[in-house]
Amino acid sequence: MRVVVIDDDAIVCRSLETILGAQPDVEVVATGTDGNAAVRLFSQHVPDVLLMDIQMPQRDGLTAAEEIIATHPDARIVFLTTFADDDYIVRALRLGARGYLIKQDVSAIAPALRLVVAGQCVLEGEVLERAAVLGMGQQKQIGSREERALACLTEREREVVRCVADGLDNSDTAAELCMSEGTVRNHISSILTKLDLRNRTQIAVYYYRNCV
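Anyway, here's the lowdown on the structure attached to this text. (Residues numbered from 1 in each chain as written. Predicted model: local features only at pLDDT ≥ 70, side-chain atom pairs only at ≥ 80, totals over all residues. Heavy atoms only, no water.)

**Side note on the packing of helix α8 (residues 155-165) against helix α11 (residues 200-210)**
Alright, step 1. Two numbers describe how α8 lies on α11: the axes approach to 8 Å, and their chain directions differ by 95 degrees. Here α11 runs roughly perpendicular to α8, going by the angle between their axes. On α11, the residues that touch Val 161, Arg 162, Val 164 and Ala 165 of α8 are Arg 200, Ile 203, Ala 204, Tyr 207 and Tyr 208.
Alright, step 2. In terms of residue class, the contact of α8 with α11 is built from seven nonpolar, no polar and two charged. (Axes fitted to C-alpha atoms, helices over the stretch in contact; angles between N-to-C directions. Helix = DSSP H or I, 4+ residues; strand = E, 2+ residues; numbered from the N terminus. Parallel < 35°, antiparallel > 145°, perpendicular 65-115°, else oblique. Contact = heavy atoms within 4.5 Å. Nonpolar A, V, L, I, M, F, W, Y, C, P; charged D, E, K, R; others polar.)

Right, dumping it as structure tokens:
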């Protein structure tokens, strides 16, 4: 996979380039230090994944991601940051980010990027916990919001949506809901059609935006 790395710390950039470049299936094609560089380098290289920090000088990662996704809707953007901030998490999910990782275990980055290329949305455990906390204060409203947002879906399709939002792949969803992977795929196709979405990442974003 071809990766562009963006981080305002040049040492972090070099470290990630070395760590990821050591993987046989990863090529770091460019690095940059701010959001402007991210927009320019993504357009220039159209990488499989853009791995990017959020807080940077000149231009932050979120506004850069917004511009990139506006012109490249299928862009796979993964945020790698020290901030598990509520606002950052919500904005990243709403933008359509494919992943949100915390700078702790660098050995987990390459496996996470592989999952993203395979079509999954990757949220680190701490981020999932924070996302859950965001909805706890609205617990009484969740049922009604979810019911309205997913009104066009069957109850089984709603269960699949929840699994996708939790980051489960087709195999895990099938095991969780006691159905075959083929049935899961059929449900996802139906969900995409009914909600006018393009991929499973957008399903997760739709859920977090409208149901919690």
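**What to know about a negative patch on the surface**
Alright, step 1. Taken together, Asp 166, Asp 172, Glu 176 and Glu 181 make up a surface patch of like negative charges.
Alright, step 2. You can see Glu 181 is positioned in helix α10 (residues 181-195).
Alright, step 3. Accessibility expressed as a relative area gives 37% for Glu 181, which makes it partly exposed. (Patch = residues over 30% accessible without salt bridge, like charges linked within 9 Å, V, L, I, M, F, W, Y side chains within 5 Å. Areas by Shrake-Rupley, 256 points an atom, 1.4 Å probe, with all protein chains shown as cover. Salt bridge = Lys/Arg side-chain N within 4 Å of Asp/Glu carboxyl O. Lys, Arg positive; Asp, Glu negative; His and termini not counted. Charge placed at Lys NZ, Arg CZ, Asp CG, Glu CD. Buried < 20%, exposed > 50% of the residue type's maximum accessible area, 1.4 Å probe, protein only.)

**Description of unusual backbone geometry**
Alright, step 1. With a phi angle near 45 degrees, Val 46 is a residue other than glycine that sits in the positive phi range.
Alright, step 2. Mapped onto the elements, Val 46 comes out in the loop between α2 (35-45) and β3 (49-52).
Alright, step 3. You can call Val 46 partly exposed: its relative accessible area is 46%.
Alright, step 4. The phi dihedral of Cys 178 falls on the positive side, at around 55 degrees, and the residue is not glycine.
Alright, step 5. Note on placement: Cys 178 falls in the loop between α9 (170-177) and α10.

**With respect to the pairing of strand β2 (residues 27-32)**
Each regular strand displays side chains that alternate between the two surfaces of the sheet.
Alright, step 1. Here strand β1 (residues 2-6) runs beside β2; their pairing, made up of five bridges, is parallel. Bridge pairing in β2 places Val 4 opposite Ala 30.
Alright, step 2. Regarding the hand of the β-α-β motif, the stretch spanning β1, helix α1 (residues 10-21) and β2 is right-handed. (Pairing = 2+ DSSP bridges. Right-handed = clockwise from strand over helix to strand, strands pointing away.)

By themselves, these figures tell us nothing about what the structure is for.
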